[in-house]
Amino acid sequence: MKTMIPDISNIFKRSTRQGRVVLPDASESIVVDVRTPQEFEAGHYKGSLNIPLHIIESHIKDFRDSGKKLVLVCRSGARSGRATEILRAQGIEAYNGGPWDTFEFHASAE
């Protein structure tokens, strides 16, 4: 008897919307790359800050004081997702921008 293996290939395909955050004004936001300095040096979103995930909590006061929305990026979206959770738990407006190399701001159509 032949065993049926479900097709899970779609789970691993990137969505065309992944890594995109809709914000009304990009000038009100800071893009923070949470990868390692070595990864950041190899390529990063123009104008982003490099604050690795393992030290993100030490910058909470700085983030609060900035008064800006934070958009977190990394290689795949996993570390930026974790950083987003950490910052939101501290009351900071943060968004997971996903992979740095597919991230871009899109103005709201509303």
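Residues numbered from 1 in each chain as written. Predicted model: local features only at pLDDT ≥ 70, side-chain atom pairs only at ≥ 80, totals over all residues. Heavy atoms only, no water.

Our focus in this paragraph is the overall build of the protein. Helix and strand counts for the protein come out as three helices and six strands. Starting at the N terminus and ending at the C terminus, the protein contains elements arranged as β-β-α-β-α-β-α-β-β. Sorting the 110 residues of the protein into buried and exposed places 34% on the buried side. A separation threshold of at least 6 residues defines the contact pool for the protein, and within that pool the share at least 24 residues apart is 66%. (Helix = DSSP H or I, 4+ residues; strand = E, 2+ residues; numbered from the N terminus. Buried < 20%, exposed > 50% of the residue type's maximum accessible area, 1.4 Å probe, protein only. Contact = heavy atoms within 4.5 Å.)

Bringing the nonpolar core into the picture now. Ranked by internal contacts, the top residues of the largest apolar core, which has 15 residues, are V32, V34, I56, F63, L70, L72 and L87. Of all elements in the fold, only β2 (29-33), α2 (60-66), β4 (69-74) and α3 (78-89) reach the threshold of two or more residues within this core. Apart from the residues within four sequence positions on either side, L70 is in contact with I30, V32, F63, L87, I92, E93, A94 and Y95. (Core = buried A, V, L, I, M, F, W, Y, C linked by side-chain atoms within 4.5 Å.)

It is worth spelling out the pattern of salt bridges at this point. Scanning all chains against the criterion turns up five salt bridges. Note that R35 is salt-bridged to D33, the shortest N-O span being 2.8 Å. Given a relative accessible area of 4%, R35 falls into the buried group. (Salt bridge = Lys/Arg side-chain N within 4 Å of Asp/Glu carboxyl O.)

Another aspect to go through is the confidence of the model for the protein. Summary statistics for the protein give a mean pLDDT of 82 and a share of 73% for residues scoring 70 or more. Taken as a whole, residues 7-17 scores under 50 in pLDDT and shows five contacts with residues more than four places along the chain or in a different chain. (pLDDT = per-residue confidence, 0-100.)

Moving on: the packing of aromatic side chains. Considering all chains together, one arrives at one aromatic pair under this definition. Consider the rings of Y45 and F103, whose centres lie 5.0 Å apart with planes at 75 degrees: the pair is edge-to-face. Separated by 58 residues along the polypeptide, Y45 in the loop between α1 (37-42) and β3 (49-50) and F103 in the loop between β5 (94-99) and β6 (104-106) bring together distant segments of the chain. You can call F103 buried: its relative accessible area is 4%. Positioned above the aromatic ring of Y95 is the side chain of R88, whose terminal nitrogen or guanidinium carbon lies 5.9 Å from the ring centre. (Phe/Tyr/Trp six-rings, centres within 6.5 Å; stacked < 30°, edge-to-face > 60°. Lys NZ or Arg CZ within 6 Å of the ring centre and 35° of its normal.)

Okay, the environment of I55 next. Along the chain, I55 turns up in the loop between β3 and α2. Spatially, the C-alpha atoms of I55 and A83 are 9.9 Å apart, while their sequence positions differ by 28 residues.

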